[in-house]
Structures are given as C-alpha cells and as structure tokens.
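Descriptive structure summary
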Amino acid sequence: ATASVLALAASLTACHSAYAVGFTEPRTISGSDDTRAGLLSAIAPSGRTAIVYQREIRVGRRDRQQQRIVTGASPTQLSAPATLRLPGVAADARVAVTHLFARRDGGFVLCATAGKTQGCSVAPPGSGFGPLIKLPGKPQALEAEMRPDGSVVLLRSTSTEKPGGIITGTTTRWSVLGVDGLLAPERDLLRSRDEQAYNGSV
C-alpha cells in the first residue's frame, strides 16, 4: 500500500543529524496496516504509552477507515496493533478518535465520535478503555484539553450559516470530565462582544 508508511513506517531514511541529537532509528509499529492519517500518541510519566492511528480496510466494494491502538509499558515496549474496541460501541460502528491524553497516574483518556454518539473513554492504569461517557445531543465540533489534575475540559460548538457559507450564529458550550469519570453538565460559554460581532450571535 502506497500510504502504509505515511506516519508509522520504520523504513524511511532518517537524517544522520537526528541520530546525533539522540534520536534512535525509527521502528515499525503498524505492521502491514494500510495507514492513512489520524496518528495520536500519549506517554504517561511512568512511561506507559498509547498510540492510536487510522487504517483503511476494504469492506465489499468500499474503503472504510478503522481505528487501531498500540500500547506498552514504554515507547520501546509496545504491543502489536489491535482494533480499538470500546465497550457498548457496536463492532461495525465508525469510530473516529479526535483526542488522546495521558494522566499522571498512568491512565489514558480518549475522546471520539462513534456513529451518532460523541464522548470520552477512560483507561485506568494497567487497564483497557471503558465505555464512552456520552456527551449530550448529536456530535459537534469538539476541542479538548487535559488539566494537570487529570480532568478534561471539553468545548463543543455549532454554527448556523446562510447559503454561501456565511456564518449567522455560533453557539459554544463547555463541560468538564472529572478524574472520577463523571461528566459535568454542559454550559454556555460567555463570548466577548468582538467575537460575537465577528461570528454572529444566537
């Protein structure tokens, strides 16, 4: 496959100057997967590592994207790639991981859209990912950032447009996924007058 080395292949020739500053030779973690895009990685202070990437598979006459995951005790001790499975998500659901974070305790948090559901999943230290903690409503544009305490701030926005792509209104809401796995209710994000004048108001 022409794109199988896009993000993960070890056969790419590395610059000698990279070795001089401490980088080791690249290694293959994707096996024979036809990788396309969407590489995300996170390393906890303990060294525990998680890498998620997207591969393309053929289903009947259609190409389909599938999320793969690699984990390990350190970046140099990684498992073979496996299909990412989230409890409660149908095996044939289209899953798109958008964010991946490592917690100080060695756990991980990923945020994803699975079919018509959007949310985040937590992997405790030494364990796999649990079910999606669902965000309300339909999937929206999502931004996420982890706080030092391991909680995750989630921002979701929707826009209304006129023909031609002219934005007439924008709504942004925020919530927090706590370290305990509880999701706070979404709230409207207060917007400055300048931002409302530029992007419209609802």
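Above this text is the structure in question.
Residues numbered from 1 in each chain as written. Predicted model: local features only at pLDDT ≥ 70, side-chain atom pairs only at ≥ 80, totals over all residues. Heavy atoms only, no water.

Secondary structure summary: the protein chain contains two helices and 13 strands in total. The proportion of buried residues among the 202 residues of the protein chain is 37%. The long-range share in the protein chain, meaning contacts at least 24 apart out of those at least 6 apart in sequence, stands at 38%. Accessible surface for the protein chain amounts to roughly 12,100 Å². Of this, 55% is attributable to carbon and sulfur atoms. (Helix = DSSP H or I, 4+ residues; strand = E, 2+ residues; numbered from the N terminus. Buried < 20%, exposed > 50% of the residue type's maximum accessible area, 1.4 Å probe, protein only. Contact = heavy atoms within 4.5 Å. Areas by Shrake-Rupley, 256 points an atom, 1.4 Å probe, with all protein chains shown as cover.)

One finds Leu84, Leu86, Val97, Leu100, Phe108, Leu110 and Phe129 to be the most contacted residues of the largest nonpolar core, which totals 16 residues. Every element with two or more residues in this core is listed here: β2 (49-59), β6 (95-102) and β7 (108-114). Non-local contacts of Phe108, meaning those with residues more than four positions away in its chain, are made with Ala42, Arg48, Thr49, Ala50, Phe101, Ala102, Ser121, Val122, Ala123 and Phe129. (Core = buried A, V, L, I, M, F, W, Y, C linked by side-chain atoms within 4.5 Å.)

Let us now look at the sheet that holds β6. Backbone hydrogen bonds hold the strands of a sheet together, and the pairing may be parallel or antiparallel. Here four strands make up an open sheet; going across it, the order is β6-β7-β8-β9 and the pairing antiparallel. Edge positions in the open sheet fall to β6 and β9 (133-134), since each of these has one partner strand only. Alignment of β7 against strand β8 (residues 117-123), held across seven bridges, turns out to be antiparallel. The residue of β8 that forms the bridge with Val109 is Val122. (Pairing = 2+ DSSP bridges.)

Attention now goes to the environment of Leu189. Tracing the chain through its elements places Leu189 in the loop between β13 (187-188) and α2 (193-199). Distance from Leu189 to Leu155, taken between C-alpha atoms, is 8.6 Å for residues 34 residues apart in sequence. Excluding its chain neighbours within four sequence positions, the residues that come into contact with Leu189 are Leu155, Thr172, Arg173 and Trp174.

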